Amino acid sequence: MASRSPSREAIARIDLALAHAQLGNPDDAVALGHQALDSARVVDSVRHRAGDLSSFLTRRYPRQAAVEGLRERLAAADAATRPALPTASP
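Residues numbered from 1 in each chain as written. Predicted model: local features only at pLDDT ≥ 70, side-chain atom pairs only at ≥ 80, totals over all residues. Heavy atoms only, no water.

Student: What's the story with the overall build of the protein in this structure? I'm lost.
Tutor: When helices and strands are tallied, the protein shows 4 helices and 0 strands. Secondary structure of the protein in N-to-C order comes out as α-α-α-α. Burial analysis of the protein (90 residues in total) assigns 29% to the buried set. Considering only contacts within the protein whose residues lie at least 6 apart along the sequence, 68% involve residues at least 24 apart. Of the roughly 6000 Å² of accessible surface on the protein, 54% is carried by carbon and sulfur atoms. (Helix = DSSP H or I, 4+ residues; strand = E, 2+ residues; numbered from the N terminus. Buried < 20%, exposed > 50% of the residue type's maximum accessible area, 1.4 Å probe, protein only. Contact = heavy atoms within 4.5 Å. Areas by Shrake-Rupley, 256 points an atom, 1.4 Å probe, with all protein chains shown as cover.)

Structure follows, in structure tokens:
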């Protein structure tokens, strides 16, 4: 039995989402993007690939609320992985 890699599955979902987006199915693409970000392991490669999806969807479907929602979720996921900036001392 082959072991499953959550990050590879997430990237596969994003690749499938890109195909849906290119075929004119942004709702399916967004749903698959969210599924990928729900993965147990959202590593840098998953976030970068999701960024590719988000960029494509934003360019192709700029006025769709679902596309904006995915972009915002990805931005939040990216922000959560960055180390906090040190606060300035007085």
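Student: I'm lost on the nonpolar core in this one. Help?
Tutor: The tendency in soluble globular proteins is for nonpolar side chains to be buried as a group. Ile14, Ala29, Leu53, Leu57 and Leu70 are the most contacted members of the largest nonpolar core, which totals 19 residues. Looking at this core, the elements that each hand over two or more residues are helix H1 (6-22), helix H2 (26-37), helix H3 (44-60) and helix H4 (65-81). Not counting residues up to four positions away in its chain, the partners in contact with Leu57 are Ala21, Pro26, Ala29, Val30, Pro62, Val67 and Leu70. (Core = buried A, V, L, I, M, F, W, Y, C linked by side-chain atoms within 4.5 Å.)

Student: Even after reading the chapter, I still don't get the packing of H2 against H4, so can you show me in this structure?
Tutor: Where H2 contacts H4, the two axes come as close as 10 Å, and the packing angle between them is 20°. One element, H2, and the other, H4, form an angle in the roughly parallel class. The way H2 lies across H4 gives a crossing that is left-handed. In contact with Val30, Gly33, His34 and Leu37 of H2, H4 contributes Ala66, Val67, Gly69, Leu70, Arg73 and Leu74. (Axes fitted to C-alpha atoms, helices over the stretch in contact; angles between N-to-C directions. Parallel < 35°, antiparallel > 145°, perpendicular 65-115°, else oblique. Left-handed = near helix turned anticlockwise from the far one by under 90°.)

Student: Quick question: what am I supposed to make of H3 here?
Tutor: Three or four residues apart is the spacing at which side chains of an α-helix point the same way, because the helix has 3.6 residues per turn. Here H3 contains 17 residues, and its C-alpha end-to-end distance of 24 Å stays within 8% of the 24 Å for a straight helix at 1.5 Å per residue. Of all the positions in H3, only Val46, Arg47, Ala50, Gly51, Leu53, Ser54, Phe56 and Leu57 are classed as buried. For H3, the secondary structure elements touched by its buried residues are H1, H2 and H4. (Expected span 1.5 Å × (residues − 1).)

Student: I tried to follow the pattern of salt bridges on my own but got confused; where do I start?
Tutor: One side chain can pair with another of opposite charge once the charged atoms of both are near each other. This model, assessed by the stated rule, comprises 6 salt bridges. Residues Arg73 and Asp38 are paired through a salt bridge, measuring 2.4 Å at the closest nitrogen-oxygen approach. Placement of Arg73 in helix H4 and of Asp38 in the loop between H2 and H3 is noted, with a sequence separation of 35 residues between them. Between Glu68 and Arg71 there is a salt bridge; the shortest N-O distance is 2.6 Å. (Salt bridge = Lys/Arg side-chain N within 4 Å of Asp/Glu carboxyl O.)

Student: In this structure, what is going on with the side chain of Ser39? I would like to understand it.
Tutor: Along the polypeptide, Ser39 turns up in the loop between H2 and H3. From its side chain, Ser39 meets the backbone oxygen of Pro6 in a polar contact 3.2 Å long. For Ser39, the contacting residues outside a window of four places in its chain are Pro6, Ser7 and Ala10. (Polar contact = N/O pair within 3.5 Å; in protein donor to acceptor, adjacent residues only side chain to side chain.)

Student: Please clarify how H4 should be interpreted in this entry.
Tutor: With 17 residues, H4 should reach 24 Å at 1.5 Å per residue; the first-to-last C-alpha distance of 25 Å fits that figure. Among all positions of H4, only Val67, Leu70 and Leu74 are buried. Taken around the axis of H4, the buried residues stretch over an arc of 65°, which confines them to a single face. Exposed and facing more than 90 degrees away from the buried side of H4 are Ala65 and Ala80. Buried positions along H4 lie against H2 and H3. (Arc of directions from axis to C-beta.)

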